[in-house]
Amino acid sequence: MENIYLIVDILGTIAFAVSGVLVAMEKRLDIFGVGIIALVTALGGGTLRDMLIGITPVTWTTTPMYMYIILGAVIIAVLFQSRLKYLRTSLFLFDTIGIGFYTMIGINKGVEAGLEPLICIALGTITASFGGVLRDILCNEIPVIFRREVYATACILGGAGYFLLLKTPLPEAYAYLMGVALVIGMRLAAVRYHIALPNIYKNAGPLKD
Amino acid sequence: MENIYLIVDILGTIAFAVSGVLVAMEKRLDIFGVGIIALVTALGGGTLRDMLIGITPVTWTTTPMYMYIILGAVIIAVLFQSRLKYLRTSLFLFDTIGIGFYTMIGINKGVEAGLEPLICIALGTITASFGGVLRDILCNEIPVIFRREVYATACILGGAGYFLLLKTPLPEAYAYLMGVALVIGMRLAAVRYHIALPNIYKNAGPLKD
Amino acid sequence: MENIYLIVDILGTIAFAVSGVLVAMEKRLDIFGVGIIALVTALGGGTLRDMLIGITPVTWTTTPMYMYIILGAVIIAVLFQSRLKYLRTSLFLFDTIGIGFYTMIGINKGVEAGLEPLICIALGTITASFGGVLRDILCNEIPVIFRREVYATACILGGAGYFLLLKTPLPEAYAYLMGVALVIGMRLAAVRYHIALPNIYKNAGPLKD
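In this text, all values refer to a predicted model and were calculated from it rather than measured experimentally. (Residues numbered from 1 in each chain as written. Chains lettered and ligands numbered in written order. Predicted model: local features only at pLDDT ≥ 70, side-chain atom pairs only at ≥ 80, totals over all residues. Heavy atoms only, no water.)

Colleague: With reference to specific residues and values, describe the pattern of salt bridges.
Modeller: Residues and elements named next belong to chain A. For the structure on display, the rule yields twelve salt bridges over all chains. Here Asp-136 and Arg-135 are joined by a salt bridge, their closest N and O atoms 3.0 Å apart. Judged on exposure class, the residue Asp-136 and its partner Arg-135 are both buried. Three or more residues are tied together by salt bridges with common partners; here these are Asp-95, Arg-135, Asp-136 and Arg-187. (Salt bridge = Lys/Arg side-chain N within 4 Å of Asp/Glu carboxyl O. Buried < 20%, exposed > 50% of the residue type's maximum accessible area, 1.4 Å probe, protein only.)

Set out below in structure tokens:
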């Protein structure tokens, strides 16, 4: 069980670090800029979550493993940049895998702190989305989360699914992995089938930029 | 006394949530975007204040009431959007009411933590302004606080007025409400009578954007 | 020894406050805007560092001295604005002095919290750079740290130099001051001799803005 949490944590960290490298190289930042964006993307969400709950010193300052994993992922991604480039949807994939893992990590930390399911889901969504928001703001892009994709919605519904599964006889570790799969699956499905949120505007004028 | 703090807290939360809805709908965000902006606007200032003082887990994670109030305000504001639209000055009003309440809430938390009046006023100003700054940054607007209105000034002078009133025989609860009224009144007066801050530039060239 | 830390702290605070005033006056903000930018620039990095480590209430809320120093620096900088203006490189100098002092202050806090050298260097870099990043974002400039200068690199190498010097018989206070000098010296040298980071892009196309 302990192992599953650790593996999920490492996979999410790598996925977000690579997504940071991809956005930063798209902007042609220098090597330190690429490293900083990768660190911010992979550590930003968990850092805000830890500060909100009061887990201090925040996790990455006491577990240097995360920095080594991220810096390793940066080096590998930069060395194999030409292969990454041909995967046209690679940024989207790494970002989606990252939010799936990070949503459940954040929910888990909230549960450990004794907080209510609604608050845990909010913390999971923050853990999953804040690093990517910082990445996009620092790279001067409109944050992915505010684009037309179902993003936060996937985190929220996946988190709600996890709490429902906990009420079934399913072992906790499976419910946890199902939560990760739900978030990833819903975001992929939403993009694949062009599922959009209902319109809330009475007079449906053209969208503003 | 306890009740007055709670009522002020709830009214400020609703006012800021509605101001977030108004800015987000102006940008025609989808329903989740509107909800997120409302949450960030209403919870952002208090969250930063709690993290600065070390009140963790931060207040909204242990008191889910705030999230319910904000989500309720979002639903009502979206349902009655056509009425809100006709109130041309509604965003300005809700924002002003919000900063009045939040300034005093922030000052009160600083006093409870045993901090000096100058620092309490800074914390009150942060509580009142940070949510709105985040709202405007996320919606790609120039933060209201940096526009030509007397904004932070109202928070600072209102807070100073509260500490002066505490030295009079006036009961604390009245001084507290007077502080709220002072912040709101000064901002309304500044806009109504076009009161501006003194010019600090020696050669009065044209203003840059 | 205690005195050296205090003097370094005060000099760094003044340097960053003046750098904030210079950027804010360039944008012709009003007097409160100038004061807020100076406060954010001088206190932003240390605030994030304190929140990451869990030093709460954060240092500036319990030591009002910092606010008085910053507000004093703002008044003096505004009064003598015409002289500052003639120093064409003054913003660059104050910013560089600030990062030199703040890098070592941040590293010192990390060491006191018992964290590893790699993490201490990261905290020093955050302390040195976050205030300036906030200053530039609030003033709608591209953050200095992401421009073509060797910036974070100077913090990282200066910090690494400090930890190496600690292994020599040199007294700790001298190693500390050498660390400050290393950061400042490396940034000045990088700009003076146009030292740039190695190119990581395989097909060296034109840089994007």
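Colleague: Could you give me a rundown of the interface of chain C and chain A, with the residues and numbers involved?
Modeller: Counting from both sides, the interface comprises 27 residues of chain C and, opposite them, 29 residues of chain A. With both chains or domains summed, chain C and chain A bury close to 2600 Å², and 69% of this area falls on carbon and sulfur atoms. Looking at the side of chain C that touches chain A, the elements that each hand over two or more residues are helix H2 (31-53), helix H7 (117-138) and helix H8 (152-165) of chain C. Here the element with the most residues in the side of chain C that touches chain A is H7(C); it accounts for five residues. In terms of residue class, the side of chain C that touches chain A is made up of 20 nonpolar, four polar and three charged. (Contact = heavy atoms within 4.5 Å. Buried area = accessible area lost by both parts, 1.4 Å probe. Helix = DSSP H or I, 4+ residues; strand = E, 2+ residues; numbered from the N terminus. Nonpolar A, V, L, I, M, F, W, Y, C, P; charged D, E, K, R; others polar.)

Colleague: Could you give an account of the UniProt feature "transmembrane region" (unreviewed entry) in chain A, with specific residues and numbers?
Modeller: Per the UniProt entry, the sites bearing "transmembrane region" (unreviewed entry) are residues 6-24, 31-53, 65-84, 114-138, 150-167 and 173-193 of chain A in this numbering. In residues 150-167 of chain A, helix accounts for 78% and strand for 0%; the two terminal C-alpha atoms are 26 Å from one another. (UniProt positions renumbered as here; feature names shortened; annotations may be inferred.)

Colleague: Explain the packing of helix H7 (residues 117-138) of chain A against helix H8 (residues 152-165) of chain A to me, using residue names and the numbers behind them.
Modeller: Residues and elements named next belong to chain A. Following both chains from N to C, one finds H7 and H8 inclined at 140°, their axes separated by 9 Å at the closest point. When the axes of H7 and H8 are compared, the pair comes out oblique. Seen from above, H7 lies across H8 with right-handed handedness. Residues Pro-117, Cys-120, Ile-121, Thr-125 and Ala-128 of H7 lie in contact with H8, whose contacting residues are Ala-152, Cys-155, Ile-156, Gly-159, Ala-160 and Phe-163. (Axes fitted to C-alpha atoms, helices over the stretch in contact; angles between N-to-C directions. Parallel < 35°, antiparallel > 145°, perpendicular 65-115°, else oblique. Left-handed = near helix turned anticlockwise from the far one by under 90°.)

Colleague: If you had to explain the relation of the copies chain C and chain A to someone new, which residues and values would you point to?
Modeller: Each copy of the sequence occupies a distinct position, and chain C is placed on chain A by a rotation of 120° and an axial shift of 0.0 Å, giving an RMSD of 0.0 Å. These values place the two chain copies in the arrangement generated by a three-fold rotation axis. Across chain C, the rotation axis passes nearest the C-alpha of C:Met51, at a separation of 3.9 Å. In this assembly the copies use different faces: only 4% of the residues contributing to the interface of chain C also contribute to that of chain A. (Least-squares fit on C-alpha atoms with pLDDT ≥ 70 in both.)

Colleague: Before we move on, could you go through the nonpolar core and cite the residues and values that matter?
Modeller: The biggest cluster of nonpolar side chains holds 174 residues, and the ones touching the most others in it are A:Val34, A:Trp60, B:Val34, B:Trp60, C:Val34 and C:Trp60. Not counting chain neighbours up to four residues away, the residues in contact with B:Trp60 comprise A:Leu52, A:Ile119, A:Ala122, A:Leu123, A:Ile126, B:Leu43, B:Thr47, B:Tyr66 and B:Met67. (Core = buried A, V, L, I, M, F, W, Y, C linked by side-chain atoms within 4.5 Å.)

Colleague: Which residues make up the packing of aromatic side chains, and what are the values?
Modeller: The geometry of an aromatic ring pair is captured by two quantities: the separation of the ring centres and the angle between the planes. Summed over all chains, the structure comprises nine aromatic pairs over all chains. Seen from their ring centres, B:Phe16 and B:Tyr102 are 4.7 Å apart, and the 75° between their planes marks the pair as edge-to-face. With B:Phe16 in helix H1 (residues 2-26) and B:Tyr102 in helix H6 (residues 90-112), this residue pair connects regions lying 86 residues apart in the sequence. Look at C:Tyr162 and C:Tyr176: their rings are 6.4 Å apart centre to centre, the planes differ by 80°, and that puts the pair in the edge-to-face class. On the criterion of sequence distance, the pair formed by C:Tyr162 in helix H8 and C:Tyr176 in helix H9 (residues 172-192) is long-range, its members being 14 residues apart. (Phe/Tyr/Trp six-rings, centres within 6.5 Å; stacked < 30°, edge-to-face > 60°.)

Colleague: Go over the relation of the copies chain B and chain A with me, naming the residues and quoting the values.
Modeller: Between the two copies, chain B and chain A, the superposition gives an RMSD of 0.0 Å; the rotation angle is 120° and the shift along the axis is 0.0 Å. Both copies present different contact surfaces, since only 3% of the interface residues of chain B are interface residues in chain A too.

Colleague: Could you give me a rundown of the side chain of A:Asp9, with the residues and numbers involved?
Modeller: Residues and elements named next belong to chain A. Looking at the element boundaries, Asp-9 is found in helix H1 (residues 2-26). This buried residue, Asp-9, is left without a salt bridge; Lys-109 holds the nearest opposite charge, at 6.2 Å. If sequence neighbours within four positions are ignored, Asp-9 has contacts with Tyr-66, Tyr-102 and Ile-105. (Lys, Arg positive; Asp, Glu negative; His and termini not counted.)

Colleague: I'd like a description of the interface of chain B and chain A, backed by residues and values.
Modeller: Contacts between chain B and chain A engage 29 residues on the former and 27 residues on the latter. Where chain B abuts chain A, roughly 2600 Å² becomes buried across the two surfaces, and 69% of that area is made up of carbon and sulfur atoms. At the junction of chain B and chain A, the tally comes to zero salt bridges. Taken together, the links from chain B to chain A amount to one residue pair in polar contact (both at pLDDT 80 or more). Elements with a minimum of two residues in the side of chain B that touches chain A: H1, helix H2 (31-53), helix H3 (59-62), helix H4 (65-79) and helix H5 (81-86) of chain B. For the side of chain B that touches chain A, the leading source of residues is H2(B), giving seven residues. The residue inventory of the side of chain B that touches chain A, partitioned by class, reads 18 nonpolar, six polar and five charged. (Polar contact = N/O pair within 3.5 Å; in protein donor to acceptor, adjacent residues only side chain to side chain.)

Colleague: Give a detailed account of the environment of A:Val111, specifying residues and quantitative values.
Modeller: Residue and element names in this part refer to chain A. Along the chain, Val-111 turns up in helix H6 (residues 90-112). Taking the C-alpha atoms as reference points, Val-111 and Leu-123, twelve residues apart in sequence, are found 10.0 Å from one another. Each residue touching Val-111, except ones within four places of it in the same chain, is listed here: Cys-120 and Phe-163.

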